[in-house]
4 protein chains.
Amino acid sequence: MANPEIAKLGYVSLVTPDLEASLHFFKEVIGLEETVEIDGVHYLRAWGDFQHHTLSIEKGDSGHVKYIGWRTKNRKDVGEFRELLENDGVQVDYYAAGETPGIGEAIRFRLPSGHTFELYYDIERPAPEEHQKSVLKNQTYKAWAKGISPRRLDHVNIHTTTDAGITYEFLKELGFNMREYLRDDNGDIIAGWMSVTQLVHDVALAQKPSLPSPARIHHISYWSDDSQDILRAADILSENNIKFIGPGKHGISQALYLYVMDPGSGFRVELFTGGYLIFEPDWEPVEWTMKERVFGNTYWGDSVQDKELNNITIEAK
Amino acid sequence: MANPEIAKLGYVSLVTPDLEASLHFFKEVIGLEETVEIDGVHYLRAWGDFQHHTLSIEKGDSGHVKYIGWRTKNRKDVGEFRELLENDGVQVDYYAAGETPGIGEAIRFRLPSGHTFELYYDIERPAPEEHQKSVLKNQTYKAWAKGISPRRLDHVNIHTTTDAGITYEFLKELGFNMREYLRDDNGDIIAGWMSVTQLVHDVALAQKPSLPSPARIHHISYWSDDSQDILRAADILSENNIKFIGPGKHGISQALYLYVMDPGSGFRVELFTGGYLIFEPDWEPVEWTMKERVFGNTYWGDSVQDKELNNITIEAK
Amino acid sequence: MANPEIAKLGYVSLVTPDLEASLHFFKEVIGLEETVEIDGVHYLRAWGDFQHHTLSIEKGDSGHVKYIGWRTKNRKDVGEFRELLENDGVQVDYYAAGETPGIGEAIRFRLPSGHTFELYYDIERPAPEEHQKSVLKNQTYKAWAKGISPRRLDHVNIHTTTDAGITYEFLKELGFNMREYLRDDNGDIIAGWMSVTQLVHDVALAQKPSLPSPARIHHISYWSDDSQDILRAADILSENNIKFIGPGKHGISQALYLYVMDPGSGFRVELFTGGYLIFEPDWEPVEWTMKERVFGNTYWGDSVQDKELNNITIEAK
Amino acid sequence: MANPEIAKLGYVSLVTPDLEASLHFFKEVIGLEETVEIDGVHYLRAWGDFQHHTLSIEKGDSGHVKYIGWRTKNRKDVGEFRELLENDGVQVDYYAAGETPGIGEAIRFRLPSGHTFELYYDIERPAPEEHQKSVLKNQTYKAWAKGISPRRLDHVNIHTTTDAGITYEFLKELGFNMREYLRDDNGDIIAGWMSVTQLVHDVALAQKPSLPSPARIHHISYWSDDSQDILRAADILSENNIKFIGPGKHGISQALYLYVMDPGSGFRVELFTGGYLIFEPDWEPVEWTMKERVFGNTYWGDSVQDKELNNITIEAK
C-alpha cells in the first residue's frame, strides 16, 4: 500500500488582538477576498486560490498562529497519517468534518519544533458571488479587485528554539523533500527549505535559539505573477504608511521578496514572485554555508539582514 | 508495487534542413546555451534548465521532430514502463545508456496519435564553463547572456489527424492528468491539456483532421519569469525581422504567449509566462465548449485564430 | 516680444448620454479621481495630474467632445493668442475666469479641421482630501487606489474630413512641432503627430474623408509608467466585460497601447506607456509612407487595422 | 531678442585609468554602442540616443570627468552664451568645429562649483552600421543587443564643496529651472534638482563640504523604459560580480534607481526609470527638509544612505 501523502499547504489560522486592523490589512491592503465569516472567524482567500480559504482570522489576546493546515493527496491519507503518527507515539487530535467550516475530517499534532500541523482532505469550494466571479472558468475571483491582489498562497516560514534537525527528520517522514539548506560551522543544518510540491518550499524551518518562545511563525507568503506586482505592492504599502523590507531577491529560491507586517497581529506576510520549480526527481539539496548566508538570503536589493522588522515573529501556539 | 511514473518533460529532438539558421535562431535569438555538439547533433538548454539538454538539433532533409523525451521518477520506471507497454501490445525500442549523449538507458514507442515518446531516467548534468556559470548555486548558467534568454523548457504541443480520445486514454495510463479540455459540438474532446507535473500542461494534444501527415508538432514552449520578458522578446524578434503571433493571454492556462517559428526548420516556439499551478489532488478538468474556444485560446491580445503562422506545423516522424 | 506659447494639453470636455455608465468607467475602471462636481459636470484627474482636472464629464444627448483645453506658458499668452487669431480672421470667444470651474480666463476657437480648442493659463490646484493624498510631496493622490490607475493625461487624437494640411499649418502657427507623419501616395500628409512638449505628440490629427461628420475625436490617452500596467489593464477590462484593442506597440511613437471605449459615451481611451522623448531642437519629422503605415501603426501585437472598435469616433462639436 | 537657451544634456567626457575595464563595463555590461574611436577616445551612445555620442571614454592617470556637454536650442546660442558669460566676467574657452569629433563649434567655462560645462549646437548623427540599425525609423540602434541596454542618457549629478547657492543662481541664469530641492536646518538649499527640459532634472547639484576636491561628479544616469529592466539590470550586474546599490525608489523625482560603479574609473552610473514629467510652466519647486531627506532619497527599497559605494565620487577637472 502506498504511503499517505501530503498534497499542498492549505491555510494558516491567525489570531489577532486587533481584528479590525488585521481585516483591513488583509482585505483592503493585501486584497484577499472573504469567503465567509462564521462565529467571528473570517475565512479569506486570494483570487487564484481554488479552495475555501487560505487564511482564517479571529480575535484573541495576542497575535499568534493556532495551526497550519495541509491537504492530503487522498481522503484515506488523513486516517493513515493518524495511524502512522500514533504508532510513532505522536499525540493526534481528531476533528470531525465541519468543525472547521469548509473543511472535512482533520487531525492535528505537534511537530518536534512545537508547531501544530493539521491534515485534512475534504474541502468546500464555495463559488464567489456573481459580481466577484472571474470571467475565466479556471479562476475563482476577478483579479485586481483591490489592494495588492496576489494570486495565491505560496508557503509558510517557521522558527524554533529546538534542534531543527529533529524536525527536518520528522518532516521527511511526512513526505517533505529538502530542497535547499543552510549549514552552520558545526555542520548542523539550521535552516531548511522543504516541499511536497514542485515549489522550492512549502515550508521553511529555521533554528533560532534566542526566540522568546519555542515555536514561532516568521511569515506566510502570497504569490504574485510578476515582479512589477511586487514593486506596485511597495507603492501601495507606502501610500498606506506601512513599513516593509524589500524589494530584494533571495539567492535561496531565487524569488523576489517584500516583507510586511500585519499592523493588527504583528504577523509577517511575504509578497513573492519569481524563483524556480523543481521537476527533477533526484534533486540534490543545495547547501549554503554560513559564509554564503547573507548572499543566500539577499542576492540583491534591500537586505533582510539586521532589520528590526525581520526579527519579530509571532508565537505558534 | 507502485506504478512507474513520469516526472517531467525532458527534451525534444529537432531535425532541420538549415542547421545554421536553426542554430542562430535558438542560440542567438532565443538565447539557449550549447551544452555540447557530438556527431553533428547540437545539445542545447536554457540557463535555468538543470540537465544535459532540453533541445537537440541536427541536420536533415526536412524540418521534423524525431521524438519527445520524458524523464521517469525512478530508474526502475524505464524497465517497468517497457514491460507495461509491451504487455499492452505496444512496440517498444530499447536504447542502451549513452546512445543519446548525456542520457541513460531509454525506451521509445509511438502514441496512438503517431508521436514518438522516449522515456529515460539517468541524465548527465555537465557543468557550464567557468565564465558561463551563474553566481547562484541553484542556477546553471548566468541569466540574460544573450537574446530572449528564457529560464527553462515548459511544455510541448502536438497535433494528430487520428481520434485524439484514444491518445488521451493512452496518456492517462502513462500517468498524465487532464487539466483543461475543449469539447466539440459532438461531445468529443478535441484538445486536451495534460500534465504529470503541477503545471497546467506538460503536453497538449489537439485533433486536427486536415493536417498533411498524421502526427505533427505545433510547438515547444520555453518559460520566462516575467510578462515584461515576453514584451522584450517581441522587440528582439522584430529587430531580427522575425514574424510572430502575440503577445496575448490564453484563457486556457491563463498564460501570456508569443509564438515564433524557427526560420531554419519551421518549428514553432512559444515564449510563455504567467498562468497557474495545480496543487489540488482532485482537480476537476476545466471544460471549454466550441463557443468558448476563441476566448479559451485568446483571453486578450493578439489572437491565435486565423493566423497563417498558426496553421503551420512540422511533422513528428 | 516673444510669441505667445502653449505649454501643454490641459483637458477634454466630454458629453455623454449615459452619465452613470461613463462615470463608472472613468472613475472605477480607469480609476480617475473626482476633484469636484459642479452643476452636473464632474471634473476628473489622474493621481499624477497636477491640476484641477484633465477630463470633465456631463450629461447630454449624444456622446461628443465640446472642446480641448490647452494651458499657455504665460498668463499674457491668452490675450496675445486672442489678438493673433482675430488678426488672422479667426472667430474667438472669450470666457471670463471661473466660467469653467477651476479655470481662469479663456478663449475658444475652431481649428480649420472643425475642432474647438480652448486656451487658458490660470488653473486651480485643489488639494485632495486628506485620506486620498499621496505620502509623496510631489504627487497629487495616492497611486493605485482603484482600477487601472494611470498616472496622467498624455495626448489627444482627432480626425477630420477636411484637408488636414491646412490644420497642420494652423497648428504650426500655434507652436506645435510636427514629430512624425504619414504621407499618402499623392504626397499629402494625412496623419501627423505634433507636440508643444517633449512628448512625441500632444495631438495627432488624421484626415478621414469618410467620417459621418467633419470633426471627430478618436481618443484621449492616459499614461502609465510600466508596460506591466497595460497588461494589468487588459486583465481589469476583461474582468469588467469591456472589449478593447491591444496590447500592441506602435512603430510611430514606439509606445505600448491598448484602446478601450467608454461604454457610456463611445469615447475611446488609449492606455499608453513607453515611447521616446524629443529633446533635439532640430528634430527632423519622421516620414512614414502608405507602405509603412501598418507597421507604423502596429510594430507588434494586436493590430489596430481592420478592427471595428477602431473605426468608431465621436463627434467634436 | 530672445535669450540664448540650452536644449538638453549632451554628453559627459570620462577619463579612466583602466580603459579596457571601462570599455568592457560600458559596452558589454551597460550595453552602450560605440559610434567611433578616434585618437584613443571612444564615443558611445545608447540605442535610443539620437546623436553622435552621450559618453566619451579615454585613458588617463585617474578616473575623472573633463566636461559636461550641453546642446543649445539654436546655432546662434553658442556665441550669445559666450558673450553673456564674458560680460559677466566668466572665462570662456572657444573650440572650433570638429575639435571634439562629431561636435560643432563649442565653448567651455567653469561653474562657480568648479565643474566645466561645454555648450555646442551642431552635432553629427552618424548612422549605425546596417546590421546594428533598428528596424524602426525613429530609433538609432536595435534595442537589446547586449547587456542592460538602456534607452538614452538621462541626467548628471554633481557635487561641490563650495556654496551651492551661488551655482544654483548661475544655473538659473543659464536657463535651468529648480524643480525640487533639499533645504538644511540653516535655511540653505544644499541639494537642487534642475532642468531645462521637462524632466525633473537634467542636472542635480549637492553641496558636500567634506569632499577631497572641490568639484566632483556623483553619477550620470541612463534611462530604461520599464521597472523590470532595472530588476534585470540587477541580475546582469550580479552575474558579472559587480556590486550596486538598489533597486530603490526615490521620493524626489519618484524614479526607480540602481547605482553601479564603472570598475575601471570609479565613475558611478545610475540606471533609472519611472518618475514624472513637468509640463506646468509655473511649477512650484518642491521643498524637502532635512527631516524628510532620507524619505526623499529613498521612498522605498535599498537605501542610498550610509552605503560606502554611495560616498565615492570622481573628480571633475
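Note that the structure is a prediction, hence the values are computed from the model and not measured. (Residues numbered from 1 in each chain as written. Chains lettered and ligands numbered in written order. Predicted model: local features only at pLDDT ≥ 70, side-chain atom pairs only at ≥ 80, totals over all residues. Heavy atoms only, no water.)

### Some thoughts on the overall build of chain A
Put simply, the rule reads: The helix count covers DSSP runs of H or I at least four residues long, the strand count covers runs of E at least two residues long, and both are numbered beginning at the N terminus. A 1.4 Å probe rolled over the protein chains alone gives each residue an accessible area, and that area as a share of the maximum for its type sets the label: buried under 20%, exposed over 50%, partly exposed in between. In this analysis, two residues are considered to be in contact whenever any of their non-hydrogen atoms come within 4.5 Å of each other. Per-residue accessibility takes into account occlusion by the displayed protein chains alone, with areas from the Shrake-Rupley method and a 1.4 Å probe. Working convention for charge: Lys and Arg count positive, Asp and Glu count negative, and His plus the chain ends are omitted. For charged residues, the charge sits on one atom: NZ in Lys, CZ in Arg, CG in Asp, CD in Glu.
Per the secondary structure count, chain A includes five helices and 19 strands. Judged by the C-alpha coordinates and their principal axes, chain A covers about 55 × 45 × 40 Å. Of all 317 residues assigned to chain A, the portion counted as buried reaches 66%. At a minimum sequence separation of 6, the contacts of chain A that also span at least 24 residues come to 68%. As presented, chain A carries roughly 11200 Å² of accessible surface, and 46% of it is formed by carbon and sulfur atoms. Each charge class in chain A was averaged separately, 32 positive and 49 negative side chains, and the resulting centres sit 3 Å apart.

### Some points on helix α4 (residues 227-239) of chain C
Formally: Between the first and last residue of a helix there are one fewer steps than residues, each counted as 1.5 Å, and that sum is the expected span.
Spanning 13 residues, α4(C) covers 19 Å between terminal C-alpha atoms, matching the ideal 18 Å at 1.5 Å per step. Within two residues after α4(C), Asn241(C) carries a phi angle of roughly 60 degrees, on the positive side.

### Describing the interface of chain C and chain B
Stated precisely, the cut-off is as follows: Throughout, the accessible surface (probe 1.4 Å) given up by two parts as they are put together, summed over both, is called the buried area. What makes a salt bridge here is a side-chain nitrogen of Lys or Arg within 4 Å of a carboxyl oxygen of Asp or Glu, nothing more.
The interface is formed by 16 residues belonging to chain C together with 16 residues belonging to chain B. Surface buried jointly by chain C and chain B totals about 1200 Å² across both partners, of which 58% is contributed by carbon and sulfur atoms. Counting across the chain C and chain B interface gives two salt bridges. With a closest N to O distance of 2.9 Å, Lys249(B) and Asp235(C) form a salt bridge. Listing elements by their share of the side of chain C that touches chain B, those giving two or more residues are α4, β14 (244-249) and β18 (300-301) of chain C. A per-element tally of the side of chain C that touches chain B places α4(C) first, with seven residues.

### A few points about the pairing of strand β3 (residues 41-45) of chain B
Each regular strand carries side chains that alternate between the two faces of the sheet. Residues and elements named next belong to chain B. Quick note on the threshold: Note on pairing: DSSP must find at least two bridges between two strands before they are called paired.
Taking burial as the measure, the five residues of β3 include five buried ones, the bulk of the element. Alternating residues of β3 divide into Val41, Tyr43 and Arg45 and His42 and Leu44, and every residue in both groups is buried. Relative to β3, strand β2 (residues 33-38) runs antiparallel, the two being bridged by five bridges. Residue pairing across strands places valine 36 opposite tyrosine 43, the latter belonging to β3.

### What about the relation of the copies chain B and chain A?
Stated formally: A least-squares fit on C-alpha atoms brings the copies together, and the residues used are those whose pLDDT is at least 70 in both copies.
Superposition of chain B onto chain A requires a rotation of 180 degrees combined with a translation of 0.0 Å along the rotation axis, giving an RMSD of 0.0 Å. Look at the turn and shift together and you get a two-fold axis relating the two. Within chain B, the C-alpha atom positioned nearest to the axis of rotation is that of Asp226(B), 2.7 Å from it. Comparing contact sets, 100% of the residues at the interface of chain B also lie at the interface in chain A, consistent with an isologous, same-surface contact.

### Description of the packing of aromatic side chains
Stated formally: The aromatic pairing rule takes the rings of Phe, Tyr and Trp, using the six-membered ring of Trp, and pairs them if the centres are within 6.5 Å, calling planes under 30 degrees apart stacked, those over 60 edge-to-face and the rest tilted.
On inspection of all chains with the given rule, the structure shows 57 aromatic pairs over all chains. Ring plane angle 75 degrees and centroid distance 4.8 Å describe the contact between Trp283(A) and Phe50(B), whose orientation is recorded as edge-to-face. Remark: Phe50(B) occurs in the loop between β3 and β4 (55-59) and Trp283(A) occurs in the loop between β16 (268-274) and β17 (286-289); the pair is interchain, linking two chains. Residues Tyr11(D) and Tyr67(D) carry aromatic rings whose centres are separated by 6.3 Å and whose planes lie at 80 degrees to one another, so their mutual orientation is edge-to-face. Here Tyr67(D) lies in strand β5 (residues 64-72) and Tyr11(D) lies in strand β1 (residues 6-16), a separation of 56 residues in the sequence. The exposure class of Tyr11(D) is buried, given its relative accessible area of 1%. By relative accessible area, Tyr67(D) is classed as buried at 8%. Ring-pair connections join several aromatic residues into one group, and the members of that group are Trp70(A), Phe109(A), Phe117(A), Phe170(A) and Phe176(A).

### Considering the UniProt feature "domain: VOC" (unreviewed entry) in chain A
Residues and elements named next belong to chain A. Convention followed: UniProt positions are given in the numbering used here, feature names are shortened, and annotations may be inferred rather than shown by experiment.
Per the UniProt record, "domain: VOC" (unreviewed entry) is found at residues 8-122 and 152-274. Split by type, residues 8-122 is 20% helix and 41% strand. Its first and last C-alpha atoms lie 13 Å apart. Taken end to end, residues 152-274 has its terminal C-alpha atoms 13 Å apart, with 19% of it in helix and 46% in strand.

### Let's talk about the packing of helix α4 (residues 227-239) of chain A against helix α4 (residues 227-239) of chain D
Definition in use: Orientation is described by axes fitted as lines to C-alpha atoms, over the contacting stretch for helices, and by angles from 0 to 180 degrees between their N-to-C directions. Throughout, the term roughly parallel applies to angles under 35 degrees, roughly antiparallel to angles over 145, roughly perpendicular to angles from 65 to 115, and oblique to all others. Each residue gets one label: Ala, Val, Leu, Ile, Met, Phe, Trp, Tyr, Cys and Pro are nonpolar, Asp, Glu, Lys and Arg are charged, and the others, such as Gly, are polar.
Two elements in contact, α4(A) and α4(D), have axes separated by 9 Å at closest approach and are oriented at 110 degrees. Taken together, α4(A) and α4(D) sit at an angle that is classed as roughly perpendicular. Touching Ser227(A), Gln228(A) and Leu231(A) of α4(A) are Ser227(D), Gln228(D) and Leu231(D), all from α4(D). For the contact of α4(A) with α4(D), the per-class residue count stands at two nonpolar, four polar and no charged.

### Things to note about the relation of the copies chain C and chain B
Expressed as a screw transformation, the operator carrying chain C onto chain B has a rotation angle of 180 degrees and an axial translation of 0.0 Å, and the superposed copies differ by an RMSD of 0.0 Å. The overlap is high: 100% of the interface residues of chain C also sit at the interface in chain B, so the same surface is used on both sides.

### As for the interface of chain B and chain A
Contact with chain B, which involves 42 residues of that partner, is made by 42 residues of chain A. In total, chain B and chain A occlude about 3700 Å² of area from one another, counting both sides; carbon and sulfur atoms represent 52% of this. Contact with chain A buries surface across chain B, with Lys137(B), Asn138(B) and Phe279(B) losing the most and accounting together for 17% of the total. Remark: the boundary between chain B and chain A carries ten salt bridges.

### Here we look at the domain arrangement of chain A
All names here are of chain A. Note the following rule: Domain segmentation is taken from an automatic or database assignment of domains. Here a polar contact is recorded for every N or O atom pair within 3.5 Å, except that within protein the pair must consist of a potential hydrogen donor and a potential acceptor, and residues adjacent in sequence are included only if both atoms are side-chain atoms.
Annotation of chain A at the domain level lists domain 1 (6-132) and domain 2 (152-316). Domain 1 and domain 2 are separated by 20 Å when their C-alpha centres are compared. At the junction of the two partners, domain 1 supplies 42 residues and domain 2 supplies 44 residues. Summed over both partners, the interface of domain 1 with domain 2 comes to about 3000 Å²; 77% of that surface belongs to carbon and sulfur atoms. Contact with domain 2 buries area across many residues of domain 1, yet Phe25, Pro112 and His115 alone supply 18% of it, more than any other trio. Linking domain 1 with domain 2 are ten residue pairs in polar contact (both at pLDDT 80 or more), by the criterion used here. The set of elements that each furnish at least two residues to the side of domain 1 that touches domain 2 consists of β1 (6-16), α1 (19-29), β5 (64-72), α2 (76-87) and β7 (106-110). When residues in the side of domain 1 that touches domain 2 are grouped by element, the largest group, ten residues, is from β1. Of the residues that constitute the side of domain 1 that touches domain 2, the class distribution is 27 nonpolar, ten polar and five charged.

### With respect to unusual backbone geometry
Here the bond from Gly246(A) into Pro247(A) is cis, since omega is 0 degrees, no more than 30 degrees from zero. As for its placement among the helices and strands, Pro247(A) is situated in strand β14 (residues 244-249). In this structure, Asp39(C) takes a positive phi of about 55 degrees despite not being glycine. Along the polypeptide, Asp39(C) turns up in the loop between β2 (33-38) and β3 (41-45).

### A few points about the pairing of β5(A)
Residue and element names in this part refer to chain A. Of all nine residues that make up β5, eight are buried, and the element is covered over most of its length. Alignment of β1 against β5, held across seven bridges, turns out to be antiparallel. Paired with valine 12 across the two strands is isoleucine 68, which belongs to β5. Sheet topology places β5 next to strand β19 (residues 314-316); two bridges connect them, and they run parallel. Across the sheet, histidine 64 pairs through a bridge with glutamate 315, a residue of β19. Pairing analysis gives four bridges linking β5 to strand β8 (residues 116-120), with the strands arranged parallel. Within β8, the position partnered with arginine 71 by the bridge is tyrosine 120.

### Side note on the environment of Phe244(B)
With respect to the helices and strands, Phe244(B) occurs in strand β14 (residues 244-249). In sequence terms Phe244(B) and Asn157(B) are 87 residues apart; their C-alpha atoms lie 17 Å from each other.

### So, the pattern of salt bridges
Summed over all chains, the structure comprises 75 salt bridges over all chains. Lys137(A) is paired through a salt bridge with Glu292(B); the nearest N and O atoms lie 2.9 Å apart. With Lys137(A) in the loop between β8 and β9 (152-160) and Glu292(B) in the loop between β17 (286-289) and α5 (293-297), this pair bridges two chains. Judged by relative accessible area, Lys137(A) falls into the partly exposed class, the value being 40%. Through salt bridges that share partners, Lys8(A), Arg71(A), Arg125(A), Glu280(B) and Asp282(B) make up one connected network.

### Overview of the environment of Arg268(A)
Residue and element names in this part refer to chain A. As for its position among the elements, arginine 268 is in strand β16. Residues arginine 268 and glycine 102, 166 residues apart in the sequence, show an inter-C-alpha distance of 25 Å. Polar side-chain contacts of arginine 268 include one of 2.9 Å to the backbone oxygen of histidine 218.

### Some details on the environment of Lys133(C)
As for its position among the elements, Lys133(C) is in the loop between β8 (116-120) and β9 (152-160). When the C-alpha positions of Lys133(C) and Ala143(C) are compared, they lie 9.2 Å apart, and in sequence the two are ten residues distant. Once you skip the residues sitting within four places of it in the chain, Lys133(C) turns out to touch Glu239(A), Pro128(C), Thr140(C), Tyr141(C) and Lys142(C).

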